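Here is what each chain is made of, one letter per residue.
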Amino acid sequence: MKKTLTVALPGREYQIEIQRGLLDQAGERCRALLPRARKLAVVTDSNVLPLYLERTADSLKRAGFQVLCCSVPAGEAAKCPEQLVLLWEKMMAFGMTRTDGVAALGGGVVGDLAGFAAATLLRGVDFIQIPTTLLAQVDSSVGGKVAIDLQAGKNLAGAFWQPKGVLIDPDCLNTLSDRAFSDGMAEVIKYGCIREREFFELLDRCGSRAGVMDYIEQVICTCCDLKRQVVLQDERDTGLRMTLNFGHTIGHAFELAGHYETWTHGQGVAAGMNWAAQLGVGLGITPPEVVEQIRSILNKFGLPQDIPCPWETMTEAVGLDKKRTGDSITLILLERLGQAVPRRMKKDQLLELLEPMCGR
Ligand SMILES: NC(=O)c1ccc[n+]([C@@H]2O[C@H](COP(=O)([O-])OP(=O)(O)OC[C@H]3O[C@@H](n4cnc5c(N)ncnc54)[C@H](O)[C@@H]3O)[C@@H](O)[C@H]2O)c1
Ligand SMILES: [Zn+2]
């Protein structure tokens, strides 16, 4: 069953379409979204290319598009200035004009990179997201944040650039590795924790990758809907949008502890949610049973509850956290399952609570 959500940003309204097999209709959908475009640059990566590019490009050509295929090496390293310049040059050599468009066919890396290319080429051309990882389908393709990484850190050069549409084909998830799937599940579980207890309970009942796939349209739709609400209330990354950072402050410390290689973002967030729940209990905000519920669901989806983190790394990560201002930090805690609250606290107080958890 097809599901459609409208992100009603004033003047930049767009739809998120979720349907199995939607990739084969990419052409007609993109034609409807970009009626004046003649050329479409499809950005993908070296893993997605052999799986889905031909089908997508064929559909686009049938709809009358001239298609340029741009593939980048799979992996976070492609989200870099060098690849961005290559894309710009290829797109201009292809003869793109301001009425043409860019489509991202891939995970969050491709979406962020292609989106930033679209935001900047000719001062901005139309952009369509065709996310193929769970993380990209439930998180990165919605909200309009696009970016590349710099030597100084992740996502440091970027823009807000809303897509003209988001085309989600859940069947693409069948080829994902288990690791990439559970990585996305961390964010899915996060939505349950911060916004909707019933959704958390549905995921808990599904209990496995196969179980979630039976409800995948509903799962993706719920996540996109929750992210949409947050984006609409708060497009510029403050207030409510901050609750999406649940598990992320401490998760970043874990990612850093593994030098961004040992642990994926989702694994860091998973353990970060468990730790944030424990901190909430310690502060008298989170009911103790929530910790058990979170630990149990993480276990079901093959996500870590704890990640070893040297004390120096924890202090560094908390100090570097972008949500920090001065000597205070805003941590997202759970008042109950399904209800997140931002809590400002002194950095020192947070570190005091974390010290015993880091085994000091
Ligand atoms: N813009 C945002 O709001 C936002 C939000 C969260 C994350 N992000 C960004 O997203 C990126 C992570 O995204 P990701 O987890 O999708 O990583 P990714 O794009 O690297 O994809 C993960 C892996 O899966 C492969 N892959 C993609 N689709 C596949 C498919 N259908 N079948 C088999 N393999 C497939 C990719 O080639 C890659 O090897 C990070 O750069 C992060 O900063 C952005
Ligand atoms: Zn995240």
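Structural notes, computed from the coordinates. (Residues numbered from 1 in each chain as written. Chains lettered and ligands numbered in written order. Predicted model: local features only at pLDDT ≥ 70, side-chain atom pairs only at ≥ 80, totals over all residues. Heavy atoms only, no water.)

**Here we look at the site of ligand 1**
Here is step 1: Lining the immediate environment of ligand 1, one finds 24 residues, of which D45, E76, T132, T133 and T175 sit closest.
Here is step 2: Take D45: an N or O atom from its side chain is 2.7 Å from an oxygen atom of ligand 1.
Here is step 3: Within the side chain of T133, a nitrogen or oxygen atom sits 2.6 Å from an oxygen atom of ligand 1.
Here is step 4: When ligand 1 sits alone it has 860 Å² of accessible area, and the protein chains cover 83% of it.
Here is step 5: When contributions to the shell around ligand 1 are tallied by element, the ones reaching two or more residues are α2 (48-62), α4 (108-120), α5 (134-140) and β8 (153-160).
Here is step 6: Grouping the constituent residues of the shell around ligand 1 by class yields 8 nonpolar, 8 polar and 8 charged. (Near = heavy atom within 4 Å. Polar contact = N/O pair within 3.5 Å; in protein donor to acceptor, adjacent residues only side chain to side chain. Areas by Shrake-Rupley, 256 points an atom, 1.4 Å probe, with all protein chains shown as cover. Helix = DSSP H or I, 4+ residues; strand = E, 2+ residues; numbered from the N terminus. Nonpolar A, V, L, I, M, F, W, Y, C, P; charged D, E, K, R; others polar.)

**What to know about the coordination of the zinc ion (ligand 2)**
Here is step 1: The zinc ion (ligand 2) binds to the protein through E187 (OE), H248 (NE2) and H265 (NE2); the donor distances cover 2.0 to 2.1 Å.
Here is step 2: All donors of the zinc ion (ligand 2) belong to a single chain; written as a sequence motif, their spacing is E-x60-H-x16-H. In this pair, E187 is assigned in helix α6 (residues 178-195) and H265 in helix α11 (residues 265-282), connecting sequence segments 78 residues apart. (Donors = N, O, S within 2.8 Å, 3.2 Å for Na, K, Ca; no water.)

**Let's talk about the nonpolar core**
Here is step 1: The biggest cluster of nonpolar side chains holds 55 residues, and the ones touching the most others in it are I16, M185, I189 and I294.
Here is step 2: Those residues in contact with I189, other than ones at most four positions away along the chain, are F200, L203, M273, I297, L298, F301 and L303.
Here is step 3: Judged by nonpolar contacts, the second largest core, of 26 residues, contains L68, V72, A78 and V146. (Core = buried A, V, L, I, M, F, W, Y, C linked by side-chain atoms within 4.5 Å. Buried < 20%, exposed > 50% of the residue type's maximum accessible area, 1.4 Å probe, protein only. Contact = heavy atoms within 4.5 Å.)

**A closer look at α2**
Here is step 1: Between its first and last C-alpha atoms α2 spans 21 Å; for 15 residues at 1.5 Å apiece the expected length is 21 Å, and the two agree.
Here is step 2: Maximum bend of α2: about 25°, positioned at E54.
Here is step 3: All of the buried residues along α2 are V48, Y52, L53, T56, A57, S59 and L60.
Here is step 4: Looking at the buried side of α2, the elements it contacts are α1 (26-33), β3 (39-45), β4 (66-72), β5 (101-106) and β6 (126-131).
Here is step 5: Two residues or fewer after α2 comes G64, characterised by a positive phi angle close to 95°. (Expected span 1.5 Å × (residues − 1). Bend = angle between axes of the 7 residues up to and from the residue.)

**Here we look at the packing of α6 against α11**
Here is step 1: Between α6 and α11, the shortest axis-to-axis distance is 8 Å and the interhelical angle comes to 35°. Regarding α6 and α11, the two cross each other, and that crossing is left-handed. Here α6 contributes R179, D183, A186, E187, I189, K190 and C193 to the contact with α11, which in turn contributes H265, G266, Q267, V269, A270 and M273.
Here is step 2: Considering only residue class, the contact of α6 with α11 consists of 6 nonpolar, 3 polar and 4 charged. (Axes fitted to C-alpha atoms, helices over the stretch in contact; angles between N-to-C directions. Left-handed = near helix turned anticlockwise from the far one by under 90°.)

**Here's the deal with the packing of aromatic side chains**
Here is step 1: On inspection of all chains with the given rule, the structure shows 1 aromatic pair.
Here is step 2: Taking 5.0 Å as the distance between ring centres and 85° as the angle between the ring planes, the aromatic pair formed by F254 and W275 counts as edge-to-face. Of the two residues, F254 is situated in helix α10 (residues 248-257) and W275 in helix α11; the sequence distance between them amounts to 21 residues.
Here is step 3: Exposure remark for F254: the relative accessible area of 0% places this residue in the buried category.
Here is step 4: Exposure remark for W275: the relative accessible area of 5% places this residue in the buried category.
Here is step 5: Geometry around F65 places R31 over its ring, the cationic atom sitting 4.0 Å from the centre.
Here is step 6: Lying across the ring of Y191, K190 places its NZ or CZ 5.3 Å from the centre. (Phe/Tyr/Trp six-rings, centres within 6.5 Å; stacked < 30°, edge-to-face > 60°. Lys NZ or Arg CZ within 6 Å of the ring centre and 35° of its normal.)

**Quick look at empty space enclosed by the protein**
Here is step 1: Inspection of the entire model under this criterion finds 1 cavity of 30 Å³ or more.
Here is step 2: A volume near 40 Å³ is recorded for the largest cavity.
Here is step 3: Lining the largest cavity are N245, F246, G247, H248, T249, I250, G272, A276, L331 and I332.
Here is step 4: Among the elements of the structure, α10, α11 and β10 (328-336) are those that each provide at least two residues to the lining of the largest cavity.
Here is step 5: Counting residues per element, the lining of the largest cavity draws most heavily on α10, which supplies 3 residues.
Here is step 6: Of the residues assigned to the lining of the largest cavity, the class counts are 5 nonpolar, 5 polar and no charged. (1 Å grid on protein atoms, 1.4 Å probe; cavity = no way out; pocket = protein on both sides within 12 Å on 5 of 7 lines; lining within 4 Å. Points joined across faces, edges and corners; volume = space filled by probe spheres on them.)

**Digging into the sheet that holds strand β1 (residues 3-7)**
Here is step 1: Pairing is mixed in the open sheet, where 7 strands are placed in the order β1-β2-β9-β6-β5-β3-β4. This sheet does not close on itself; its edge strands, each paired only once, are β1 and β4. Sheet twist, expressed as the average angle between the axes of neighbouring strands with direction ignored, equals 15°.
Here is step 2: Two elements, β3 and β5, share 4 bridges in a ladder whose sense is parallel. Residue pairing for β5: A41 is matched across the bridge by V102.
Here is step 3: Sitting on the sheet, α1 is in contact with β2 (14-18), β3, β6 and β9 (165-168), with an inclination near 170° to β9.
Here is step 4: Along the sheet, helix α9 (residues 216-233) contacts β1, β2 and β9; its crossing angle with β1, the most-contacted strand, is approximately 5°. (Pairing = 2+ DSSP bridges.)

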